[in-house]
Amino acid sequence: RNGTCYTAEECSTRGGKSGGSCASGFGVCCLFELSCGSSTSDNVSYLVQTSSTTVSSPCTYTVCPCNNNICRIRYDFTTFVVGAVTTGSTASTSAVTEDTPGSCEIDSFSITAPGQQGSPVICGTNTGYHMIMDVHNSECEVATFQIGPATSTTRSWDIKVTQYSR
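How each quantity is defined
- Residues numbered from 1 in each chain as written.
- Predicted model: local features only at pLDDT ≥ 70, side-chain atom pairs only at ≥ 80, totals over all residues.
- Heavy atoms only, no water.
- Disulfide = S-S within 2.5 Å.
- Helix = DSSP H or I, 4+ residues; strand = E, 2+ residues; numbered from the N terminus.
- Buried < 20%, exposed > 50% of the residue type's maximum accessible area, 1.4 Å probe, protein only.
- Pairing = 2+ DSSP bridges.

Novice: Describe the state of the cysteines, naming the residues involved and giving the relevant values.
Specialist: Enumeration over the complete set of coordinates arrives at five disulfides. Disulfide pairing is shown between C36 and C59; the S-S distance is 1.9 Å. With the S-S dihedral at roughly -95°, the linkage between C36 and C59 falls on the left-handed side. A residue pair is termed long-range when its members are at least 10 positions apart, and C36 in the loop between β4 (33-34) and β5 (39-40) and C59 in strand β7 (residues 59-63) qualify at 23 residues. The partly exposed category is assigned to C36, whose relative accessible area is 26%. Bridging C104 to C123, the disulfide has an S-S length of 2.2 Å. Taking the torsion about the S-S bond as the criterion, the C104 to C123 disulfide, at about -85°, is left-handed. One end of the pair, C104, is in the loop between β10 (96-97) and β11 (108-112); the other, C123, is in the loop between β11 and β12 (130-134), with 19 residues separating them in the sequence.

Shown next as structure tokens:
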């Protein structure tokens, strides 16, 4: 994990945890791991959900720019597993039910960005991929997981959030 060098007191005050020393021992490598409902305005943060078949829904994370020069925020999906996309339609003798192939009917993830177009809605396994969102007027972005009813799907994610300046 990457962190930001702060004094131990600054790290604690900001809600981070120490991941080792930096600045020749004068600081600590401060790690920010967020759980559902948390927010951050730190440059490198992690949105985390350990493996579980039941996750509260919606699960939101608010990501605010760390300063006025931030123009983009990158979301790297180190781990990303939620309910899969619908693969086809189903039929019964009494009625026909059509699920739109390619839609996220169990779980979904998206990022809203005020003043900008939001991200696409995704689901399934997206480990190893990323999204980059533009920042508009230093507005916060909201990453949202919509989780369907309990299934045998084990959901987990670990998303590294990095902010980029102009």
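Novice: Account for the pairing of β12, with residues named and values stated.
Specialist: Side chains of β12 alternate between two faces, with M131 and M133 buried and H130, I132 and D134 left unburied. Where strand β8 (residues 70-81) lies against β12, five bridges are found, and the strand directions are antiparallel. Bridging from a neighbouring strand, Y75 pairs with M131 of β12.

Don't take any of this as a statement about function, it's just geometry.
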